[in-house]
Amino acid sequence: MRLNTMAHLDIAHHFGAKLAKRGRGGLILVGAMGAENGIPRIANDGAAKAYVHSLGEALHYEFKPLGVYVTVLAAGFTNTEVLEKFGFDPKTMPMKPMSVEQCVSEGLNALRVNQSRIIPGRLNRIMNALVPASVARKMEADMIGKAQASRPAPAIA
Ligand SMILES: NC(=O)c1ccc[n+]([C@@H]2O[C@H](COP(=O)([O-])OP(=O)(O)OC[C@H]3O[C@@H](n4cnc5c(N)ncnc54)[C@H](OP(=O)(O)O)[C@@H]3O)[C@@H](O)[C@H]2O)c1
């Protein structure tokens with residue numbers, strides 16, 4: 001919770017003030033696709049990411065006249081170590097996770113043109129636009145639930 005709220009706020013405040021003084025620069029705030037809909041089974045993470053989205057979109061507006069760009073990167077499943085922690089095997093996931101390189105590259109391209117929010121990946125963008133929130137929630141709950149169930153039980157000391 002602290003990592004996704006206070007840390008984002010403190011860092012945006014600290015560096016935002018410096019960039020505004022300089023009159024140029026940019027910030028990317030990393031959120032998560034679907035955060036506003038609620039993400040069952042990682043409810044707290046999803047809710048905290050909704051804070052990041054709201055903070056970033058508002059800061060985008062506030063910083064624009066100061067020459068500072070702000071973009072929210074609302075990432076979908078991306079192939080990092082965190083997937084394994086959730087119990088996912090990136091090779092067998094129903095939707096292949098995006099490469100880190102593509103996610104970063106799309107985020108930076110959006111920042112270059114001061115886009116307020118980017119969902120990296122065309123398929124993710126189509127799904128976000130077309131799939132109703134209730135259906136997306138169920139899909140995520142099923143996927144994350146299955147992955148969590150396949151995780152080995154923690155060792156009891
Ligand atoms: N991967 C995905 O599918 C996905 C999807 C949507 C959004 N995201 C978002 O993308 C961002 C990067 O995630 P990731 O997939 O790269 O996850 P990750 O592999 O677990 O990396 C998370 C990073 O955050 C650092 N971190 C964690 N807790 C911290 C703390 N309390 N203080 C300081 N640093 C801390 C970790 O540092 P250490 O290595 O030192 O622990 C690590 O570098 C996150 O904001 C995540 O929510 C990821």
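Here's a quick rundown of the structure.

Definitions and limits used
- Residues numbered from 1 in each chain as written.
- Predicted model: local features only at pLDDT ≥ 70, side-chain atom pairs only at ≥ 80, totals over all residues.
- Heavy atoms only, no water.
- Patch = residues over 30% accessible without salt bridge, like charges linked within 9 Å, V, L, I, M, F, W, Y side chains within 5 Å.
- Areas by Shrake-Rupley, 256 points an atom, 1.4 Å probe, with all protein chains shown as cover.
- Salt bridge = Lys/Arg side-chain N within 4 Å of Asp/Glu carboxyl O.
- Helix = DSSP H or I, 4+ residues; strand = E, 2+ residues; numbered from the N terminus.
- Buried < 20%, exposed > 50% of the residue type's maximum accessible area, 1.4 Å probe, protein only.
- Phe/Tyr/Trp six-rings, centres within 6.5 Å; stacked < 30°, edge-to-face > 60°.
- Pairing = 2+ DSSP bridges.
- Contact = heavy atoms within 4.5 Å.
- Axes fitted to C-alpha atoms, helices over the stretch in contact; angles between N-to-C directions.

## Describing a nonpolar patch on the surface
So, step 1. Among the surface-exposed residues, Ile 28, Val 30, Val 100, Val 104 and Leu 108 lie close enough to one another that they form a single nonpolar patch of about 340 Å² accessible area.
So, step 2. At the level of elements, β1 (25-32) and α4 (100-112) are the ones that each hand at least two residues to the nonpolar patch.
So, step 3. Per element, the largest residue contribution to the nonpolar patch is three residues, and it comes from α4.
So, step 4. Summarising the element assignment, Val 30 is placed in strand β1.
So, step 5. With a relative accessible area of 38%, Val 30 lands in the partly exposed category.

## Re the packing of aromatic side chains
So, step 1. What the rule picks out here adds up to one aromatic pair.
So, step 2. Each ring, one from Phe 77 and one from Phe 88, has its centre 5.3 Å from the other, and the planes form 70°; the classification is edge-to-face. Residue Phe 77 is located in the loop between β2 (68-75) and α3 (81-86), and its partner Phe 88 is located in the loop between α3 and α4; the two are separated by 11 residues in the primary sequence.
So, step 3. Among the residues examined, Phe 88 registers a relative accessible area of 9% and is labelled buried.

## A closer look at the sheet that holds β1
Remark on secondary structure: sheet strands pair via backbone hydrogen bonds, oriented parallel or antiparallel.
So, step 1. Read from one edge to the other, the open sheet built from three strands follows the order β1-β2-β3, with strand pairing classed as parallel. Pairing within the sheet leaves two strands with one partner each, and these edge strands are β1 and β3 (117-118).
So, step 2. Across eight bridges, β1 lies against β2 in parallel orientation. The partner of Leu 29 across the bridge, within β2, is Val 72.
So, step 3. Most of the contacts of α4 go to β2, to which it runs at about 150°, and overall it touches β1, β2 and β3.

Remember, this is a structural readout, not a statement about activity or role.
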